[in-house]
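Architecture at a glance
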Amino acid sequence: LWTGWVNIQEYRLQNHANTKPRGWVNMQEWWVSLRRNGGSTWTGIYSEEEFRPDITILINGMPLVFVEVKKPNNKDGVLAERDRINRRYQNRKFKRFANITQLMIFSNNMEYEDGVIEPVQGAYYATSAYSDLHFNYFREEENLNLTTLLNDENEETENVILKDNNVEVLKHSPEFKTNKHYHTPTNRMLSSLLSKERLAFILNYAIAYVEDENNGYRHIQKHIMRYPQMFATKAIQTRLEDGFRKGIIWHTQGSGKTALAFYNVKFLTDYYQRKNTVPKFYFVVDRLDLAIQASTEFANRGLKVKMVNSKADFVKELQSFAAVHNDSGEAEISVINIQKFSEEAVVSTDLQYDINIQRIYFLDEAHRSYNPKGNYLANLINSDKQAIKIALTGTPLLKQVVKEFDTKVLFGDYIHKYYYNRSIADGYTLRLIREGIDTKYKMQMKEILEQIKVLQGDIAKKLVYAHPKYVEPLLEYIVDDLKKFRRAEADITLGGMVVCDSAEQAKALFEAFEEKFGKQETDVANLSMAAEDAAPYQSLGKPLTAAIILHDVNDKDIRKDLIDAYKKGKIDILFVFNMLLTGFDSKRLKKLYLTRVIHDHNLLQTLTRVNRPYKLYRFGYVVDFADITSAFDRTNQMYFDELQAELGDEMESYNKLFKSEEEIKADIESIKETLFHYDTGNAEIFNQQIAEIKEKALLIDLLKALTSAKELKNIIRLQGFEEMLNKLDFYKLNQLLNVTQAQIDKLNQLEALQNDTDTTSLLNTALEDIIFMFTKVSETELVIADELKNELRRTREELMNNFDEKDQQFISLKDELERIFKKKNLDEVSQEQMKENIILLRAIFDKAKELNRKNNLLKAKYEQDEKYVRIHKRLLEKGTLTAKEMQLFEALQSIKQATDEQLIHNSRIMENESYFGDFLLQLLVTELTDNHNIKMDFATAKSINSLIVNEYLNQYYGNRA
């Protein structure tokens, strides 16, 4: 609201502590009070306890927003204001003010310093809190036309405010003009957040009260939307207005995708109610633990959650016309596992009331489990073909992994994107450090496996890695490492997680842990809070506690309680295999122990379990027993490729998702051919026929044909070729698929039973004399690919900002960047190569930025005229003039003023190049030789004249030197 009128910084600088505001300014029916140190006083019970915000914004008389400003480079930066507001809001006398305050802005009018744990400089926003106020970055993503705010009405308002504060003297000062420019950090923030539309959006949709537990006590926190969530919500609205019914939101892990869904329940409810439509919301997950976690997150924010527990429940839900199912009529979301979607789960078309219903599906973790060949996706899409489908992903879709289909074709284009490196810059996620571990033993693992001839490949390795000879020293290293980490940080609240090679290894590690530290509690009521003992340094030596989280260990309620206990600091270490690798969020988790290689998007998901901000820690640590380097490089390469496509550096054409009708017919004939010798009409006879088959390869071929039939059915349903469903008895073939799989499972079990005794004996013999030792050998940062991409982007932009492309240093930097592209293969993102390229790009960026800084200093001297900067530099480079730089500047400035004056009064002078050249030559000789005593011969004068004339002609004809 104040852009173009108010210089906030200057108000702070002027020490008019006794100035009293004498009136209100009414702007677009929004009551705005701009009050300095004497304004808007909030007084407690005792008169000396006062709280005076620098600027208070009143809406309908209510002080819902305030702004605190500091001058640039102030001591302690904006942290000084944050600490002060924390102290104030802990004072119960200010509780009423804290409760009514919805939005706070803090700024010292400086640009952000990205990636710092404690933000010292910049403009930040927050919502009120009784303690531990959290600063949020804000980066505008829309093209706001701020120049429209600079009009006569605003100048009149500016004059009123200056008079009201008795600081009219500031009106024409150069500092005031500079600071009130709309592009300063403070004014950018005010314009972005306090325009009428934005502020109304924030007050309506961007505030949430979240129930949380800390040190065993339940309390309410007040949260405000992060800016990526805000712009993602606006992007969803834009897509819906354009008629799109599907799309993908790529927000990196830790950016709050579940919270985004929560905010959109309220936003989209209002959106559709304005269209006389009733929205119904569904949050779709692919695992039970994620369903429980999402339900908890929604419930903690006050949203009513309906858990869909069975396929029958979901069929019933889709037949219902009620918007909500709770008695209070509050906003509601149904959380459902995708496995609950069945062919019978289809919306009713027999509406009993004149009511328009719009279903909105939020699809969690869209980069996995949504295979078009599977039943679940087809059932989901067919459940309501008019539903809005918003796919959420924390990792890129990695098209090289998903070979069978392109997720973007399935779910649409990206609605909004927020990359990993931006999240680091905004302080929402941490960088990762990989600690390389060398596994030493007397005999090579290869020799061990050669002794165990009965077993092959991964089966043998799985048993070796779960063997006590391997597990015991592994556990000892993990326990010692976590203890050392805690001692080094003097923080007992830090937690660890061990991602095991197999479920067997997880169980073996947990059993070894219990042997070392005693039986571990599963009744969390008996666990003490780690944070209670955190104060004494000596308590760092207390015995550790642990829990195992596997799908077949304990029931789901006990697992949920153990996970909650870990988050609260009651458990020190979690042993997991496949669970908790995605969606699990515990800020205190800062050590991730990997004992196996994880691939592709699952790797990124797993690594980012330790990237949540916690206290003042700058990194999350990954202890790598399995050597994930090659897997990480592969994943980073795919991540980089996805960034390439999404950032517009290259165009990619997408293959069609679905097969043609001719291809489907050919597949049906192939399936019939494979099944020709079997009785496919009677499952019992079919079972008898395949029971006689002892060759597993034959059964596998049969299984492939039957699986293909199942996939084909779903593809046919997705494409709407309903008539082709009569070509095969797909229901019967699905029965035969189950029978075939059962026969293969039986053969596998027989083989396992035959080998079990020999396996244990051989393995114990082979490992009898082996001693495993684990030693830390390296510590390197895991660089995610978009850091490289970000460095490339800003380096390019900085070079593009240069307006003097004939500068030899600029040419050199540009050539250096081209050499990196040609020789360093910037798109090959191995960790080592990425780091080298990032260092090179940063060096180019720093030099380009310094060059631009010097150019801009000279540009300011010439009243922002780039032509004369280039002229000035070329003359210095040639060295033909024996003049001091100040002397040269004064001469060129005189030439500029005289020439510009002539151009204003003679509109046709540029049409006669010869006349213009003669005019400039005469002026040049007069100014340099006569007025500024700069000696030159005629050839030099002609050369300088040509340089100046060409600059003007290039500008006149729209060219650039």
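For the structure itself, consult the block above.
Everything quoted here is computed from the prediction, not taken from an experiment.

Each helix and strand in the chain was counted, giving 32 helices and 24 strands. Expressed as a percentage of its 961 residues, the buried residues of the chain come to 51%. For the chain, long-range pairs separated by at least 24 residues make up 76% of all intrachain contacts whose partners lie at least 6 apart in sequence. When the accessible surface of the chain is summed, it comes to about 45,400 Å², and 48% of that surface belongs to carbon and sulfur atoms.

Right, let's talk about unusual backbone geometry for a bit. We note that Ala490 has phi near 50 degrees; this positive angle belongs to a residue other than glycine. For Ala490, the location among the structural elements is in the loop between α17 (468–489) and β19 (495–499). Owing to a relative accessible area of 44%, Ala490 belongs among the partly exposed residues under this scheme. The phi angle at Glu863 is positive, at roughly 55 degrees, despite the residue not being glycine.

Right, let's get into the sheet that holds strand β15 (residues 357–363). What holds strands together in a sheet is hydrogen bonding between their backbones, with the strands either parallel or antiparallel. Spatial ordering of the open sheet is given by β13-β14-β12-β15-β16-β11-β17, a layout of 7 strands whose pairing is parallel. Pairing within the sheet leaves two strands with one partner each, and these edge strands are β13 (304–308) and β17 (414–418). Across the sheet, the mean angle from the axis of one strand to that of its neighbour is 20 degrees, orientation sign disregarded. Sheet analysis places strand β12 (residues 278–285) next to β15, joined by 7 bridges and oriented parallel. Looking at β15, one finds that Phe281 is bridged to Ile360. On top of the sheet, helix α8 (residues 227–241) reaches β11 (246–251), β16 (388–393) and β17; it is set at about 170 degrees to β17, its chief contact.

Here we come to the nonpolar core. If you look at the biggest cluster of nonpolar residues, it comprises 78 residues, and the most contacted ones within it are Leu268 and Phe283. The element best represented in this core is helix α9 (residues 257–273), accounting for 10 residues. Ignoring any residue separated from it by four or fewer positions in sequence, one finds Leu268 in contact with Ile236, Leu240, Pro279, Phe281, Ile360 and Phe362. If you look at the next biggest cluster of nonpolar residues, it comprises 75 residues, including Ile336, Tyr419, Leu792 and Met834.

Turning to α9, a few remarks are in order. For α9, built from 17 residues, the straight-helix expectation of 24 Å at 1.5 Å per residue is met to within 8% by its first-to-last C-alpha distance of 24 Å. Of all bends in α9, the biggest is about 30 degrees, found at Asn264. When you tally the buried positions in α9, you get 13 out of 17 residues, the bulk of the element.

Evaluation of the coordinates by the stated rule reveals 39 aromatic pairs. Taking the centre distance of 5.1 Å and the plane angle of 80 degrees together, the rings of Phe283 and Phe298 count as edge-to-face. Taken together, the residues span a long stretch of sequence, with Phe283 in strand β12 and Phe298 in helix α10 (residues 288–300) at a distance of 15 residues. For the residue pair Phe283 and Phe298, the accessibility class agrees, reading buried in each case. Here the aromatic rings of Phe916 and Tyr952 are separated by 5.7 Å at their centres, their planes lie at 75 degrees, and the arrangement is edge-to-face. Of this pair, Phe916 sits in helix α31 (residues 913–931) while Tyr952 is found in helix α32 (residues 938–956), placing the two residues 36 residues apart along the sequence. You can call Tyr952 buried: its relative accessible area is 3%. Taken together, the aromatic side chains of Phe66, Phe97, Phe106, Tyr112, Tyr124, Phe135 and Tyr137 make up a single cluster linked through ring pairs. Above the plane of the ring of Tyr428 lies Arg226, whose end atom (NZ or CZ) is 4.0 Å from the centre. One Lys or Arg, Lys591, reaches over the ring of Phe485 and ends 5.0 Å from the middle of that ring.

About the cut-offs
Residues numbered from 1 in each chain as written. Predicted model: local features only at pLDDT ≥ 70, side-chain atom pairs only at ≥ 80, totals over all residues. Heavy atoms only, no water. Helix = DSSP H or I, 4+ residues; strand = E, 2+ residues; numbered from the N terminus. Buried < 20%, exposed > 50% of the residue type's maximum accessible area, 1.4 Å probe, protein only. Contact = heavy atoms within 4.5 Å. Areas by Shrake-Rupley, 256 points an atom, 1.4 Å probe, with all protein chains shown as cover. Pairing = 2+ DSSP bridges. Axes fitted to C-alpha atoms, helices over the stretch in contact; angles between N-to-C directions. Core = buried A, V, L, I, M, F, W, Y, C linked by side-chain atoms within 4.5 Å. Expected span 1.5 Å × (residues − 1). Bend = angle between axes of the 7 residues up to and from the residue. Phe/Tyr/Trp six-rings, centres within 6.5 Å; stacked < 30°, edge-to-face > 60°. Lys NZ or Arg CZ within 6 Å of the ring centre and 35° of its normal.

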